[in-house]
Amino acid sequence: MRVILVEDERELAHSIKKGLEEGGYSVDVAYDGEEGLYMAENFPADVIVLDIMLPHTDGLTILKTIRSKGIKTPVLLLTARDALSEKIKGLDTGADDYLTKPFEFAELVARIRSLLRRTAEVKEAIIRIDDLEINTASHGVRRAGRPIRLSAREYSILEYLAYRKNTVVSRTEITEHIYDESFDRDSNIVDVYINYLRKKIDRGFKNKLLHTVRGAGYILKEPER
Ligand code: CA
């Protein structure tokens, strides 16, 4: 899953980015409002984490601008303590949630997950496809009750496919949602990871769940009965 983080406090921004990346998210950071608005308008993202107090363009203006352009990406606002009017204004402007500074990193991640579930078909923390279980809270993956070890990249690709289970997802969509802007999009790295995933998830099982749809992409789906 891909996150745009707009936060001018560099130290905080770095620690959030690092923490999210360790959790398998890809993160693009903007350090001021102008850059943040550009990213929010132009980069695909699953969630935007938006600080309100920013140099050049403040968070509420960014939010208002992207909503007026029809961009529906879920937005989590970061607000100062006691700034009740900001919170209300934020929600009225189209924010999906807010978090008051200072916050625990675990709470930030839980709120991001909850926003991702809200927009996905899947509403529970554990996504099930046949006997495959993906726990989006712990990042634990099991098939037929047996734990499967995945790297952070493998997990994030699997989770993205799982959030959109039974739907064909193109290689471009996967690349856009899994990798940040610094990633080389021309490489065939997605195919490589899909092959790893297929081995880890489907090998030895009669029912295959991860399929390539020629010319279209990939699909994680329930076996046909
Ligand atoms: Ca700030």
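The notes below deal with the structure included here. Bear in mind the structure is a predicted one, so any value in this text is a computation, not a measurement.

1. Things to note about the overall build of the chain
- When its secondary structure is counted, the chain shows eight helices and eleven strands.
- On C-alpha atoms alone, the chain measures out to a radius of gyration of 18 Å, which is about the 17 Å that the 2.2 N^0.38 rule sets for 225 residues.
- C-alpha extents for the chain along the principal axes are approximately 55 × 35 × 30 Å.
- Considering only intrachain contacts with a sequence separation of at least 6, the fraction spanning at least 24 residues in the chain is 57%.
- Working note: accessible area of the chain is about 11400 Å², and carbon and sulfur atoms make up 48% of it.
- In the chain, 36 side chains carry a positive charge and 38 a negative one; their mean positions are 8 Å apart.

2. Regarding the sheet that holds strand β8 (residues 140-143)
- Ordered in space as β6-β7-β8-β9, the four strands form an open sheet in which the pairing is antiparallel. The sheet is open, and its two edges are formed by β6 (126-129) and β9 (146-148), each paired on a single side. This sheet shows a mean twist of 25° between the axes of neighbouring strands, independent of strand direction.
- As paired elements, β8 and β9 share three bridges and run antiparallel to each other. Each bridged residue has a counterpart across the sheet, and for R142 the counterpart in β9 is P147.
- Contacting β6, β7 (132-135) and β8, helix α6 (residues 152-163) runs over the sheet at an angle of about 105° to β7.

Conventions adopted
Per-chain numbering applies: the sequence of each chain, read as written, is numbered from 1 onward. Selection of residues for local features in this predicted model requires a pLDDT of at least 70, selection of side-chain atom pairs for listing and counting requires 80 or more, and totals for whole chains, interfaces and linings are taken over all residues. Hydrogens are left out, water is left out, and the side-chain values use all remaining heavy atoms of the structure. Where helices and strands are cited, they refer to DSSP runs of H or I of at least four residues and of E of at least two residues respectively, numbered from the N terminus. For a compact globule the rule gives 2.2 Å times the number of residues to the power 0.38, and the radius of gyration it is set against comes from C-alpha atoms. Contacts are residue-level and defined by heavy atoms, with any inter-residue pair within 4.5 Å sufficient. The protein chains shown are the only cover counted for residues, whose accessible areas, like all others here, come from Shrake-Rupley with a 1.4 Å probe. Neither His nor the chain ends is counted toward charge; the positive residues are Lys and Arg and the negative residues Asp and Glu. Each charge is placed at NZ for Lys, CZ for Arg, CG for Asp and CD for Glu. In short, DSSP must find at least two bridges between two strands for them to pair. An axis is simply a line fitted to the C-alpha atoms; with a helix, the fit covers only the stretch in contact. Between two such axes, the angle follows the N-to-C directions and lies from 0 to 180 degrees.

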